[in-house]
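Notes for the structure review
Single-letter residue listing:
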Amino acid sequence: MVKCNHGAGFNLAVPDPARADRAAIVARMAHWLSCRFAVAEHEPAYWPIPPRVFVEPMFANPAGGPPIEYRFTVIHGRVAYIAVDSHIRGSPATDYFDRNWTRVPAAMRGTPGIPALGRPAMAERLCAAAETLAAGLDMLRVDFYGSRESAVFAEFTVYPLSALVPFDPPDFDRTVGALWDIRRSHALAAPSGLAARWYRRALDALDEA
């Protein structure tokens, strides 16, 4: 895998490096390096990250297909819900669970549900790892690639799907949102920018209303 570190979707699979088109890969990376999510997607947390290209071994399941992806949304140090991406029926699908690995009857719109995979043997270790990695942040998604028995770290994001894809039913959005007190975020606990100060005042006014 050849990828960039400063945004989403900057991943290029190279199944056979010996036959890869090096010039095309370099051109693709050069284009991605010029893209800044902080501006294009209004996601300022990406701004301080120096854009870099890195290469890592492709991680696959034992049959050679895509691995299971475990995505933990951690709010104030505790896993709020888990999204599990898999290809168990030959096509990508996502299922959702709470921290106890109980299936949640919700889905992102347009994302098909799958039969519950059940609680993996490493469930508690993955939850603990996600909460340790997210410690000190008000919200962070922590992702792992793996199988039913083992996993490796994949990535962090503070902008899951750029916050543009709602849950269906909408009640699950409200359930998760109720867990997140955005006032405790670093940006709003001590707001320095004009926008952050304005937003903090607006939130305080809601409390007083």
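To keep things clear, this report deals only with the structure shown in the data block. Model, not experiment: these values are computed from the prediction.

Rules of the game
Residues numbered from 1 in each chain as written. Predicted model: local features only at pLDDT ≥ 70, side-chain atom pairs only at ≥ 80, totals over all residues. Heavy atoms only, no water. Phe/Tyr/Trp six-rings, centres within 6.5 Å; stacked < 30°, edge-to-face > 60°. Buried < 20%, exposed > 50% of the residue type's maximum accessible area, 1.4 Å probe, protein only. Lys NZ or Arg CZ within 6 Å of the ring centre and 35° of its normal. Helix = DSSP H or I, 4+ residues; strand = E, 2+ residues; numbered from the N terminus. Contact = heavy atoms within 4.5 Å. 1 Å grid on protein atoms, 1.4 Å probe; cavity = no way out; pocket = protein on both sides within 12 Å on 5 of 7 lines; lining within 4 Å. Points joined across faces, edges and corners; volume = space filled by probe spheres on them. Nonpolar A, V, L, I, M, F, W, Y, C, P; charged D, E, K, R; others polar. Pairing = 2+ DSSP bridges. Arc of directions from axis to C-beta. Axes fitted to C-alpha atoms, helices over the stretch in contact; angles between N-to-C directions.

1. Some thoughts on the packing of aromatic side chains
One pass over the structure, following the stated rule, counts 13 aromatic pairs. On the basis of an interplanar angle of 25 degrees and a centroid distance of 5.6 Å, the ring pair of Phe97 and Trp101 is categorised as stacked. Exposure remark for Trp101: the relative accessible area of 7% places this residue in the buried category. Taken together, Tyr70, Phe72, Phe97, Trp101, Phe144, Phe153 and Phe156 form an aromatic cluster joined through their ring pairs. Between the NZ or CZ atom of Arg36 and the centre of the ring of Trp47, over which it lies, the distance is 4.7 Å.

2. Comments concerning the environment of Phe10
Looking at where Phe10 falls in the secondary structure, it is placed in the loop between strand 1 (2–4) and strand 2 (11–12). Assessed through its relative accessible area of 6%, Phe10 is described here as buried. Counting along the chain gives 167 residues from Phe10 to Gly177, while the straight-line C-alpha distance between them is 28 Å. If near-sequence neighbours (up to four positions away) are discounted, Phe10 is found in contact with Val2, Lys3, Cys4, Trp32, Cys35 and Phe37.

3. Quick word on empty space enclosed by the protein
Counted by the stated rule, this structure contains one cavity of 30 Å³ or more. Of the pockets and cavities examined, the largest cavity occupies roughly 50 Å³. Along the walls of the largest cavity sit Arg71, Thr73, Tyr81, Ala83, Tyr96, Met108, Arg141, Pro160 and Phe167, which together make up its complete lining. For the lining of the largest cavity, the secondary structure elements donating two or more residues are strand 4 (68–75) and strand 5 (78–86). Across the lining of the largest cavity, the residue classes break down as six nonpolar, one polar and two charged.

4. Some thoughts on the pairing of strand 8 (residues 139–146)
Along strand 8, seven of the eight residues are buried, which leaves the element largely enclosed by surrounding structure. Strand direction decides the pairing type here: strand 4 and strand 8, joined by eight bridges, are antiparallel. Looking at the pairing, Glu69 lines up with Tyr145 of strand 8. Relative to strand 9 (residues 151–157), strand 8 is paired through six bridges, and the arrangement is antiparallel. The partner of Tyr145 across the bridge, within strand 9, is Val152. The turn linking strand 8 back onto strand 9 is made up of four residues.

5. Observations concerning helix 3 (residues 123–133)
When helix 3 is considered as a whole, its buried residues turn out to be Ala123, Leu126, Cys127, Ala130 and Glu131. Axial view of helix 3: buried residues confined to an arc of 130 degrees, hence all on one face. Structural note: helix 3 exposes Arg125 and Thr132 on the side pointing more than 90 degrees away from its buried face. In the core, the buried residues of helix 3 are packed alongside strand 4, strand 5, strand 8 and strand 9.

6. Some details on the sheet that holds strand 2
Pairing is antiparallel in the open sheet, where three strands are placed in the order 2-1-3. For this open sheet the edge positions go to strand 2 and strand 3 (53–55), each flanked by a neighbour on one side alone. When strand 1 meets strand 3, the two strands line up antiparallel, connected through three bridges. Bridging across to strand 3, Lys3 finds its partner in Phe54. Strand contacts of helix 1 (residues 22–34): strand 1, strand 2 and strand 3, with the helix running at about 15 degrees to strand 1, the strand carrying the most contacts.

Structural measurements only, silent on function.
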